[in-house]
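# Observations on chain architecture
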Amino acid sequence: MRKGHNLLAVGDYNQAVILDLIRRAHLGLSRVEIAVETGLSAQTVSNVARRLLDAGLVREAGKLIAGPGKPRTLLQLEATSRYAVGVHLDPTVVTFVLLDLAGAIVSDHRIPTPSAADPDVVIAVMAEEIRALLERESVPPERVLGVGIAAPGPLDSTRGILLDPPLLEGWMEVPLRDALADATGFPVVLEKDVTAAAVAELWVDSGTHRDNFAFLYYGTGLGIGLVVNHDVLRGASDNAGDMGHLMVQADGPLCSCGRRGCVGDLVVPHRLVQRATAAGVLGRSAPLDGSVDGPVEHIDFDATDRRFSDFARAAADGDAAAVAILEEAATHLARALVSIVNLLDVDHVVCGGPFWRRIAPVMRERVERLVAEDPALIPSHPIVVENSTIGEDVAAVGAGCLVLDQTLSPRPSALLIAG
Ligand SMILES: [Zn+2]
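- An unreviewed UniProt entry annotates the protein chain as Putative NBD/HSP70 family sugar kinase of Labedella gwakjiensis.
- Annotation of the protein chain in UniProt includes, under Sequence similarities (unreviewed entry), the sentence "Belongs to the ROK (NagC/XylR) family."

## Observations regarding the coordination of the zinc ion
- Protein coordination at the zinc ion: the donors are His-245 (ND1), Cys-255 (SG), Cys-257 (SG) and Cys-262 (SG), at 2.0 to 2.3 Å from the metal.
- Taken together, the 4 donor atoms coordinating the zinc ion span angles of 107 to 118° at the metal, a pattern that classifies the geometry as tetrahedral.
- All donors to the zinc ion come from one chain, and their sequence spacing reads H-x9-C-x1-C-x4-C. For the pair shown, Cys-255 and Cys-262 are each scored as buried.

## A few points about the layout of surface pockets
- Here the second largest pocket defines a volume of roughly 790 Å³.
- What lines the second largest pocket is a set of 37 residues, and nearest its centre among them are Pro-166, Leu-167, Thr-220, Gly-221 and Leu-222.
- Looking at the lining of the second largest pocket residue by residue, the classes come out as 16 nonpolar, 12 polar and 9 charged.
- The two domains that each donate at least three residues to the lining of the second largest pocket are domain 2 (82-201 + 394-408) and domain 3 (207-389).

## Points about the side chain of Asp-156
- Assignment of secondary structure puts Asp-156 in strand β8 (residues 155-156).
- Owing to a relative accessible area of 17%, Asp-156 belongs among the buried residues under this scheme.
- Reaching out from Asp-156, the side chain makes a polar contact with the backbone nitrogen of Thr-158 at a distance of 3.0 Å.
- For Asp-156, the side chain forms a polar contact with the side chain of Arg-159, separated by 2.9 Å.

## What about the packing of aromatic side chains?
- One pass over the structure, following the stated rule, counts 4 aromatic pairs.
- Judged by centre distance (5.2 Å) and plane angle (85°), the rings of Phe-308 and Phe-355 are edge-to-face. Taken together, the residues span a long stretch of sequence, with Phe-308 in helix α9 (residues 301-316) and Phe-355 in the loop between β14 (348-352) and α11 (356-373) at a distance of 47 residues. Of the two residues, Phe-308 and Phe-355, both sit in the buried class.
- One cation-aromatic arrangement involves Arg-23 over Trp-203; the distance from NZ or CZ to the ring centre is 3.9 Å.
- Seen from the ring of Phe-213, Arg-210 lies directly overhead, with NZ or CZ sitting 5.1 Å from the centre.

## Some remarks on helix α8 (residues 269-278)
- The buried fraction of α8 is high, at 9 of 10 residues.
- Every buried residue belonging to α8 is among Pro-269, His-270, Arg-271, Leu-272, Val-273, Gln-274, Arg-275, Ala-276 and Thr-277, and all of these are buried.
- Tucked into the core, α8 has its buried residues touching β11 (213-218), α7 (263-267), α9 and α10 (320-344).
- At the C-terminal side of α8, Gly-280 shows a positive phi close to 80°.

## Overview of the sheet that holds strand β15 (residues 384-387)
- Strands sit in the order β13-β12-β11-β14-β15 across an open sheet of 5 strands; the sheet is mixed. The sheet terminates laterally at β13 (231-232) and β15, the two strands that pair on one side only.
- Alignment of β11 against strand β12 (residues 222-228), held across 6 bridges, turns out to be antiparallel. Paired with Tyr-217 across the two strands is Gly-223, which belongs to β12.
- With respect to the sheet, helix α6 (residues 193-203) is in contact with β11, β12, β13 and β14, its orientation differing from that of β11 by roughly 130°.

## Observations concerning helix α4 (residues 119-136)
- Between its first and last C-alpha atoms α4 spans 25 Å; for 18 residues at 1.5 Å apiece the expected length is 26 Å, and the two agree.
- Among the residues of α4, those classed as buried are Pro-119, Val-122, Ile-123, Met-126, Ala-127, Glu-129, Ile-130, Leu-133 and Leu-134. Viewed along the axis of α4, the buried residues span an arc of 160°, placing them on a single side of the element. Exposed side of α4, more than 90 degrees from the buried face: Asp-120 and Glu-135 are the residues found there.
- Where α4 is buried, its residues touch β4 (83-89), β5 (93-100), β6 (105-112), β7 (144-151) and α5 (176-184).
- Put simply, Asp-118 is the residue that caps the front of α4, since its side-chain oxygen is 3.1 Å from the backbone nitrogen of Asp-120.
- Two residues or fewer after α4 comes Ser-138, characterised by a positive phi angle close to 55°.

What counts and what doesn't
Residues numbered from 1 in each chain as written. Predicted model: local features only at pLDDT ≥ 70, side-chain atom pairs only at ≥ 80, totals over all residues. Heavy atoms only, no water. UniProt positions renumbered as here; feature names shortened; annotations may be inferred. Donors = N, O, S within 2.8 Å, 3.2 Å for Na, K, Ca; no water. Tetrahedral: all angles 85-135°; square planar, octahedral: opposite > 155°, others 65-115°. Buried < 20%, exposed > 50% of the residue type's maximum accessible area, 1.4 Å probe, protein only. 1 Å grid on protein atoms, 1.4 Å probe; cavity = no way out; pocket = protein on both sides within 12 Å on 5 of 7 lines; lining within 4 Å. Points joined across faces, edges and corners; volume = space filled by probe spheres on them. Nonpolar A, V, L, I, M, F, W, Y, C, P; charged D, E, K, R; others polar. Domains from an automatic or database assignment. Helix = DSSP H or I, 4+ residues; strand = E, 2+ residues; numbered from the N terminus. Polar contact = N/O pair within 3.5 Å; in protein donor to acceptor, adjacent residues only side chain to side chain. Phe/Tyr/Trp six-rings, centres within 6.5 Å; stacked < 30°, edge-to-face > 60°. Lys NZ or Arg CZ within 6 Å of the ring centre and 35° of its normal. Contact = heavy atoms within 4.5 Å. Pairing = 2+ DSSP bridges. Axes fitted to C-alpha atoms, helices over the stretch in contact; angles between N-to-C directions. Expected span 1.5 Å × (residues − 1). Arc of directions from axis to C-beta.

Written out as structure tokens, the structure reads:
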């Protein structure tokens, strides 16, 4: 079996601090600047810089002429020296990204989730897709730091196991982390999908410097990733972010939990497609399994995906029934978001996930307005509702960023690496 190259083994705290600093300075930094910024001695900086140069993680690039005296050599991140693979397992679609050391997306692609009932098949397909991806991009395995995988919760992060994700039938107690490590030969990090998405938004900050935000994850299921004071909230068992059973409609349809009007049940793609079918938005297509008012027993993921696209297109074209369905969904979502905003005092809600982009043109502005107008809203500052700039790749990018974090981030991390 091939072994992954685990850079952590040779890393140390100072090295991570310096590498992180160099990563953030796009034009590079001189050793003197690094010493000033970090408070480390010139000798320590010089030693670490030598190690980073030897490992090929940074390069010397140009000189900085700062006043009289010798020009200073700049150190820049060697972005193509190492890579991370990010994978996002959604019940409908599996997304793969290849990130360079700077976190830039080198390559991305998606496949329909293969026969989701059989985890072994899905894991084998994922390993083969990763192998083909690296071959296509001519990345040798020794340059790959690891694989990050984002998956639906709940999960046991200590053991790297998916416990019983509600929408992945047959995925009881699946040791996803170790199985994927065995299948690929790389170290693997496992993270809940909504948390991975929040990590990606923190990493790829587009200059907005959001420190307190909720990431509304709109995939086959609904969830929320939370960032408070620039830290991702994971909770006692790394399963934070389940908002699905927040009640937003007292007389709503029966949820699988036995109560009525749970937001996750009301607004997920499958439910919107059911309602659109019943309202005649999708022509004379046969209804999907289950009724609009009963608990969801089984989802045909392929059909839902296709019909959701048709439904979203109808809404974008102004079909009154389709728009009405989305308006109702926006009301439910906004009500749940107000509870979250009140609880955590976040000032941004970033929306994304595999199904969001298709309805974003109708939803984003409505949700923002409904949150602002809600009499239950407590914080007096504006709540900005925005679309993720990373788009449908967001959870996969976050999973890859977690691998890079192991190398670059000086923060002590509770993440687990197997392999
Ligand atoms: Zn419920």
